[in-house]
Number of protein chains: 2
Amino acid sequence: MKKILILGAGRSATFLIKYLEKYAAVYQWMITVGDKDVSLLKGKAQAQTRIITFDLFNEVQREEEINNADMVVSLLPAALHPVVGRTCLKYNKSLFTASYESVEMKSMAAEVKEKGLLFLNEMGLDPGIDHMSAMRIIDRIKGEGHDLKSFESFTGGLVAPGSDDNPWHYKFSWNPRNVVVAGQGGPAKFIQEGKYKYIPYNRLFRRTELIDIEGYGRFEGYANRDSLKYIDCYNLQGVPTVYRGTLRRPGYCKAWNVFVQLGLTDDTYELDNTEEMTYREYINSFLYYHPADSVKTKLFHYMHIDQDSDIIDKLEWLGIFEDKKIGLKKATPAQVLEKILREKWQLMPEEKDMIVMWHKFIYEDKITHQPVTLTSSLVSVGENGIDTAMAKTVGLPLAIATKLYLTGQLRLTGVHIPTIREIYEPILDELRQYDIAFVEKEKEALV
Amino acid sequence: MKKILILGAGRSATFLIKYLEKYAAVYQWMITVGDKDVSLLKGKAQAQTRIITFDLFNEVQREEEINNADMVVSLLPAALHPVVGRTCLKYNKSLFTASYESVEMKSMAAEVKEKGLLFLNEMGLDPGIDHMSAMRIIDRIKGEGHDLKSFESFTGGLVAPGSDDNPWHYKFSWNPRNVVVAGQGGPAKFIQEGKYKYIPYNRLFRRTELIDIEGYGRFEGYANRDSLKYIDCYNLQGVPTVYRGTLRRPGYCKAWNVFVQLGLTDDTYELDNTEEMTYREYINSFLYYHPADSVKTKLFHYMHIDQDSDIIDKLEWLGIFEDKKIGLKKATPAQVLEKILREKWQLMPEEKDMIVMWHKFIYEDKITHQPVTLTSSLVSVGENGIDTAMAKTVGLPLAIATKLYLTGQLRLTGVHIPTIREIYEPILDELRQYDIAFVEKEKEALV
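Visitor: Where do I start with helix α16 (residues 421-432) of chain A in this structure?
Guide: Residue pairs three or four apart in sequence face the same way in an α-helix, which turns once every 3.6 residues. Residues and elements named next belong to chain A. Relative to the 16 Å expected for 12 residues at 1.5 Å per residue, α16 spans 17 Å between its end C-alpha atoms, a close match to the ideal helical length. Of all the residues in α16, the buried ones are Ile423, Tyr424, Ile427, Leu428, Glu430 and Leu431. Looking straight down α16, one finds that the buried residues subtend no more than 165 degrees of arc, so they occupy a single side.

Visitor: How should the sheet that holds strand β4 (residues 71-74) of chain B be read in this particular structure?
Guide: Adjacent strands of a sheet pair through backbone hydrogen bonds, lying either parallel or antiparallel. Residues and elements named next belong to chain B. With respect to topology, seven strands assemble into an open sheet ordered β3-β2-β1-β4-β5-β6-β15, the strand pairing being parallel. The strands lining the two open edges of the sheet, one partner per strand, are β3 (50-53) and β15 (414-416). Across the sheet, the mean angle from the axis of one strand to that of its neighbour is 15 degrees, orientation sign disregarded. Relative to strand β2 (residues 29-35), strand β1 (residues 2-7) is paired through six bridges, and the arrangement is parallel. What sits directly across from lysine 2, in β2, is tryptophan 29. Together, β1, β4, β5 (94-97) and β6 (118-120) form the strand contacts of helix α3 (residues 81-90), whose direction differs from that of β5 by roughly 160 degrees.

Visitor: Looking at this model, I keep getting lost on the environment of glycine 124 of chain B. Mind explaining?
Guide: Residue and element names in this part refer to chain B. Counting through the fold element by element, glycine 124 comes out in the loop between β6 and α6 (129-143). With relative accessibility at 1%, the residue glycine 124 sits in the buried group. A C-alpha to C-alpha distance of 9.1 Å links glycine 124 and lysine 392, two positions 268 residues apart in sequence. If near-sequence neighbours (up to four positions away) are discounted, glycine 124 is found in contact with Ala98, Ile129, Thr393, Val394 and Pro397.

Visitor: Honestly, the sheet that holds strand β2 (residues 29-35) of chain A in this entry has me stumped. Any pointers?
Guide: Residue and element names in this part refer to chain A. Strands sit in the order β3-β2-β1-β4-β5-β6-β15 across an open sheet of seven strands; the sheet is parallel. Each edge of the open sheet carries a strand with a single partner, namely β3 (50-53) and β15 (414-416). Put simply, the sheet's adjacent strands are angled 15 degrees from each other on average, direction ignored.

Conventions used here
Residues numbered from 1 in each chain as written. Chains lettered and ligands numbered in written order. Predicted model: local features only at pLDDT ≥ 70, side-chain atom pairs only at ≥ 80, totals over all residues. Heavy atoms only, no water. Helix = DSSP H or I, 4+ residues; strand = E, 2+ residues; numbered from the N terminus. Expected span 1.5 Å × (residues − 1). Buried < 20%, exposed > 50% of the residue type's maximum accessible area, 1.4 Å probe, protein only. Arc of directions from axis to C-beta. Pairing = 2+ DSSP bridges. Axes fitted to C-alpha atoms, helices over the stretch in contact; angles between N-to-C directions. Contact = heavy atoms within 4.5 Å.

So this is what it looks like as structure tokens:
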């Protein structure tokens with residue numbers, strides 16, 4: 001009997017637990033789920049699944065539970081994974097996570113390998129499915145002997161068309177804070193036609209690309225922070241264009257740029273007296289003083305927004321000109337903005353989110369020497385506001401990887417992310433059964 | 001015989017040393033000047049002045065020299081002053097500097113006072129003369145019983161009209177790096193008509209004010225980072241408008257904003273391959289890819305610069321579109337920009353710089369209850385590219401304060417900046433003899 005310890009009972013855990021429970025009877029697994037707050041697990045797990053209140057910083061409990069398990073699967077925040085990893089090393093357990101692989105996790109590689117263990121990270125959606133789906137095609141194109149000229153990849157967590165009832169065409173299906181501070185902390189870096197390109201934060205939301213996906217309409221993409229690291233990650237050395245980005249519906253970025261320009265997304269300092277301040281006063285504190293003009297007039301003038309611009313609908317719909325109290329103590333501009341957006345962009349229980357992933361490859365055909373464009377797209381719509389496409393596409397890859405490992409179909413050792421064929425082939429194949437399937441289109445370019 | 005130890009032999013030291021040497025014979029002072037590199041002092045000091053190669057981190061030398069002196073005057077970088085301060089405390093010596101008073105320096109206040117010593121900081125131009133000249137008027141307005149409604153203050157280190165031969169109307173008279181990264185590290189904060197206002201870096205150079213100074217023409221000012229701290233510093237609690245800024249010639253900020261928007265002033269990451277990169281490629285790495293358009297065309301399009309804009313002259317004059325190699329290893333965008341500007345904005349030995357300081361006060365007259373506007377301005381032109389107005393206005397206040405202290409005319413103890421009448425009155429009076437004089441104008445507003 002194999003014992004699996006799942007750490008973290010957030011949204012994605014539902015899919016992970018449900019999947020592993022399905023195979024638990026077949027393979028005789030014993031599942032334990034631990035979280036600081038087990039109320040999150042109400043009605044989510046079967047009776048035979050053991051549920052425990054788990055505190056990672058309770059050393060006795062941490063060591064005991066990890067020692068008792070055969071492997072650990074973690075949905076905890078990335079920053080906690082080094083602690084989990086070191087305990088796993090101590091007791092010779094493998095560890096799978098959906099988080100970005102930190103330098104600290106990588107530094108354990110030699111020891112993990114030596115002990116014959118596997119630490120598999122970035123096993124969610126983005127990072128996760130993005131790696132697997134891109135690498136499958138990159139390996140295929142190279143394997144067929146073609147010359148890859150360009151790789152572009154975009155992902156977005158959006159709202160499904162049937163639940164899309166606001167002028168931003170956006171609702172939160174993930175951590176709102178990450179949406180507010182997206183793109184900060186360094187320029188977007190990528191390579192285009194062999195030239196390194198850098199976009200500073202203040203221009204990021206004005207350098208967008210439009211992308212059409214059949215059946216789902218038009219999207220816009222802005223650049224992710226560091227596309228250059230994918231050159232090594234995906235073995236793209238010498239490929240002239242490598243670009244990764246984030247998808248939104250058209251018009252989002254132009255309106256979001258107003259917040260960036262005003263300074264509303266700054267999370268580095270506290271505003272004065274946000275407890276008593278109203279939304280209108282919050283906006284006004286970023287505008288010039290004028291004895292007569294309204295906040296709205298000043299904003300439109302300052303940001304050069306035309307009277308008939310669709311930006312106006314978006315801003316007014318958020319209620320940012322209202323005399324409503326913020327009611328946050330000592331908040332940064334970004335924290336105030338997050339509060340406003342949380343109220344407005346909430347995905348309701350009956351509403352559905354939508355995941356969109358889109359890759360575009362251009363390669364020179366080895367025989368015709370003509371450029372060929374290949375696109376591969378994934379659209380996944382959630383079941384409701386709890387069982388979201390986001391939770392599903394993060395939880396399932398991790399779950400499938402766990403099954404493969406416990407059933408001996410994954411024999412790698414060391415610290416890895418799923419850019420390896422042995423990992424991505426079976427997982428992408430099985431994800432199709434869960435309607436997580438990519439659609440490919442290939443066409444020769446009309447030069 | 002009093003012994004003065006001067007640390008740091010940079011540009012401002014010339015004026016400091018010359019002044020103190022003048023009084024050394026009268027008061028029987030013995031002057032020692034120490035610097036890592038004494039070659040800077042060639043021809044700057046009289047024979048009786050002792051010149052030593054001084055390494056602050058040589059503990060034996062530091063302790064010996066400070067112990068041997070009666071007081072220490074330092075023009076070292078601000079970050080080094082806590083080390084100097086602690087040694088001064090150990091040997092019961094007073095310390096005068098031209099640097100911003102750090103939290104660490106402030107933390108020594110109780111001990112400094114207890115020992116009957118004086119640590120006097122911010123004794124240069126800005127900080128220094130700005131405090132003294134503003135406080136003299138603030139104290140006068142309040143002393144006469146008027147109600148201060150607004151305080152604005154601007155300072156700029158510029159180039160004198162006779163040496164102003166470039167389209168930016170700017171040359172370096174101080175640390176070029178500070179000019180390149182000016183305004184970064186937090187929003188500009190100030191209070192206007194009772195409202196707190198915040199300007200993010202990306203808008204800073206578009207929120208300028210125009211200022212006319214009789215005989216010197218027009219200037220533009222952009223906001224300094226934190227004007228709010230001057231509320232406590234100058235006792236301006238309840239004053240509805242407090243704003244401090246930096247002066248440039250009109251047009252500078254609009255053109256500089258192009259660099260900010262492109263991302264050229266970012267000092268937080270290294271560009272790829274700056275050693276082989278040309279100026280033109282450097283600019284191109286911040287622009288979108290286009291198969292045919294020139295870098296110049298792309299820049300003007302991207303930044304919405306009209307074909308007849310004066311921004312074009314400024315950019316072309318800097319040579320940023322030339323195929324000239326940068327030749328810097330692993331440089332940040334800001335370091336590359338600094339290199340370009342250093343070549344172009346160099347103040348030549350025969351050229352003159354110019355310091356401009358401008359305060360504007362609005363108060364309600366206690367009798368007429370009418371608003372009165374009072375401006376106070378200082379313009380100081382340098383002698384040449386070495387004996388600059390910048391060096392003079394930084395070095396002289398420190399020198400005069402030193403004389404006052406050694407001759408018993410300054411009897412304060414503790415850690416202070418020159419916002420106190422006992423300090424500013426005699427120093428401002430004596431500075432007039434050196435042509436560092438403010439011109440006041442008062443007028444009742446036409447309401």
